Amino acid sequence: METTRQSAEQDRSAERRRRELLEAADRVVLRDGPGASMNAIAAEAGITKPILYRHFGDKGGLYRALAKRHTDALLASLRAALDAPADRRERVEATLDTYLAAIEARPQVYRFLMHPADDPGAGAGLGVDQAQGSEARFDVGRHSAPLLRRLGEELAQVIHDRVDLGPDAERLARVWGHGIVGMMHAAGDWWLGERPCSRAELVTGLADLLWGRLAAASDRAGGPGF
């Protein structure tokens, strides 16, 4: 019993320490964006880099932990927008605006997640083979694609649960879910970089693009409605 209690306390302590390290990483990312380095994050947390590696393995492991943290928060906000008491068009616009507002509010975090830069000194303290196997192969596509796929699958499930798409509804919902996420990501990335219009104008334009069949589709029988 004592051993079990000690093990549970150790697990809680490790989880608390991991959360503290992620918060330190967040502060560095907010300051440095995609240039955030393992050296800077370790210094912010008041630890050595080998200890940071012990918790996350490499920059890719830290990236995945941060991506999950921010994706969880974004998904919660998107679900709240989808569940708001409003008509369908308003909820579509609110969902688009929620995504764009999130990347606008924390552009450095967005750039870190979608445009991460290599950390030339990240392998210091590891063997040559370990360093080459961790930081040297860090690239945007390998790490950010799963994040976008997760958003696409989550949105596909929402669409499937709420909208009557007729025969082969599950497949079509996944087409729509991934298509909408791809559209939001590409348009948002372009908009954040160039700011060619206001956020409200971009939301309206994207909602207009989506509105055709979505406006005509009925709510799914027995579903929460959309």
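All figures in this text were calculated on a predicted structure; none of them were measured in a lab.

Enquirer: Is there a simple way to explain the overall build of the protein chain in this structure?
Expert: Assigned secondary structure in the protein chain consists of 10 helices and two strands. Counted from the first residue to the last, the protein chain has its helices and strands arranged as α-α-α-α-α-α-α-α-β-α-α-β. Residues classed as buried in the protein chain amount to 42% of the 226 residues present. For the protein chain, the exposed surface amounts to about 11,700 Å²; the carbon and sulfur share of it is 53%.

Enquirer: Could you clarify how one ought to interpret the pattern of salt bridges in this entry?
Expert: Opposite charge on two side chains permits them to pair, given that their charged atoms come into close proximity. Overall, the coordinates contain 16 salt bridges when judged by the stated rule. Residue Asp168 pairs with Arg171 through a salt bridge whose shortest N-O separation is 2.3 Å. What makes Arg171 partly exposed here is its relative accessible area of 47%. It is possible to trace a salt-bridge network through shared partners that takes in Arg27, Arg31, Asp32 and Glu44.

Enquirer: I'm lost on the side chain of Asp26 in this one. Help?
Expert: Relative to the helices and strands, Asp26 is located in helix H1 (residues 2–32). One polar contact links Asp26 to Arg69, side chain to side chain, over a distance of 3.0 Å. Setting aside anything within four residues of it in sequence, one finds Asp26 in contact with Leu66, Arg69, His70 and Arg106.

Enquirer: Mind showing me how you'd approach the nonpolar core here?
Expert: In globular proteins that are soluble, nonpolar side chains generally tend to be buried together. In this structure, Leu52, Leu62, Leu96, Tyr99, Ile159 and Leu165 are the most contacted members of the largest nonpolar core, which totals 58 residues. Among the elements that make up this core, the one with the highest residue count is helix H9 (residues 169–194) (11 residues). Apart from the residues within four sequence positions on either side, Leu96 is in contact with Met183, Met184, Val203, Leu206, Ala207 and Leu210.

Enquirer: What is the right way to look at the side chain of Arg162 in this model?
Expert: Among the secondary structure elements, Arg162 is positioned in helix H8 (residues 140–162). Looking at Arg162, its side chain comes within polar contact range of the side chain of Asp83, at 2.3 Å.

Enquirer: Is there a simple way to explain the packing of helix H4 (residues 59–82) against helix H5 (residues 88–105) in this structure?
Expert: Helix packing geometry: the angle between the two helix axes and the distance between the axes. Contact geometry for H4 and H5: axes closest at 8 Å, N-to-C directions at 160°. The orientation of H4 with respect to H5, classified from their angle, is roughly antiparallel. Handedness of the H4/H5 crossing: right-handed. Residues Leu74, Ser77, Leu78, Ala81 and Leu82 of H4 form the contact with H5, whose participating residues are Arg91, Ala94, Thr95, Thr98, Tyr99 and Ala102. Taken together, the residues that form the contact of H4 with H5 break down as seven nonpolar, three polar and one charged.

Enquirer: Looking at this structure, how should I read the packing of helix H6 (residues 107–114) against H9?
Expert: Running from N to C, H6 and H9 point in directions that differ by 125°, and their axes come no closer than 12 Å. Relative to H9, the element H6 is oriented oblique. Seen along the crossing, H6 lies across H9 with a hand that is left-handed. Residue-level inspection shows Pro107, Tyr110, Arg111 and Met114 of H6 in contact with H9, the latter providing His185, Asp189 and Leu192. In terms of residue class, the contact of H6 with H9 is made up of four nonpolar, one polar and two charged.

Enquirer: Would you mind showing me how to read H9 here?
Expert: Given 3.6 residues per turn, any residue in an α-helix points the same way as the ones three and four places further on. Its 26 residues give H9 an end-to-end C-alpha distance of 37 Å, which sits within 8% of 38 Å, the value for a rise of 1.5 Å per residue. Where H9 ends, the next residue or the one after it, Arg195, has phi of about 50°, a positive value.

Enquirer: Could you clarify how one ought to interpret the packing of aromatic side chains in this entry?
Expert: The description of an aromatic ring pair uses the distance of the two centres, along with the angle that the planes make with each other. Evaluation of the coordinates by the stated rule reveals one aromatic pair. Residues Tyr63 and Phe112 carry aromatic rings whose centres are separated by 5.9 Å and whose planes lie at 40° to one another, so their mutual orientation is tilted. Placement of Tyr63 in helix H4 and of Phe112 in helix H6 is noted, with a sequence separation of 49 residues between them. Comparing Tyr63 with Phe112, the two get one shared label, buried. For Arg89, the ring lying beneath its charged end belongs to Trp211, and the centroid distance is 5.5 Å. Taking NZ or CZ as reference, Arg195 lies 4.6 Å from the ring centre of Trp191, over its face.

Rules used in this analysis
- Residues numbered from 1 in each chain as written.
- Predicted model: local features only at pLDDT ≥ 70, side-chain atom pairs only at ≥ 80, totals over all residues.
- Heavy atoms only, no water.
- Helix = DSSP H or I, 4+ residues; strand = E, 2+ residues; numbered from the N terminus.
- Buried < 20%, exposed > 50% of the residue type's maximum accessible area, 1.4 Å probe, protein only.
- Areas by Shrake-Rupley, 256 points an atom, 1.4 Å probe, with all protein chains shown as cover.
- Salt bridge = Lys/Arg side-chain N within 4 Å of Asp/Glu carboxyl O.
- Polar contact = N/O pair within 3.5 Å; in protein donor to acceptor, adjacent residues only side chain to side chain.
- Contact = heavy atoms within 4.5 Å.
- Core = buried A, V, L, I, M, F, W, Y, C linked by side-chain atoms within 4.5 Å.
- Axes fitted to C-alpha atoms, helices over the stretch in contact; angles between N-to-C directions.
- Parallel < 35°, antiparallel > 145°, perpendicular 65-115°, else oblique.
- Left-handed = near helix turned anticlockwise from the far one by under 90°.
- Nonpolar A, V, L, I, M, F, W, Y, C, P; charged D, E, K, R; others polar.
- Expected span 1.5 Å × (residues − 1).
- Phe/Tyr/Trp six-rings, centres within 6.5 Å; stacked < 30°, edge-to-face > 60°.
- Lys NZ or Arg CZ within 6 Å of the ring centre and 35° of its normal.

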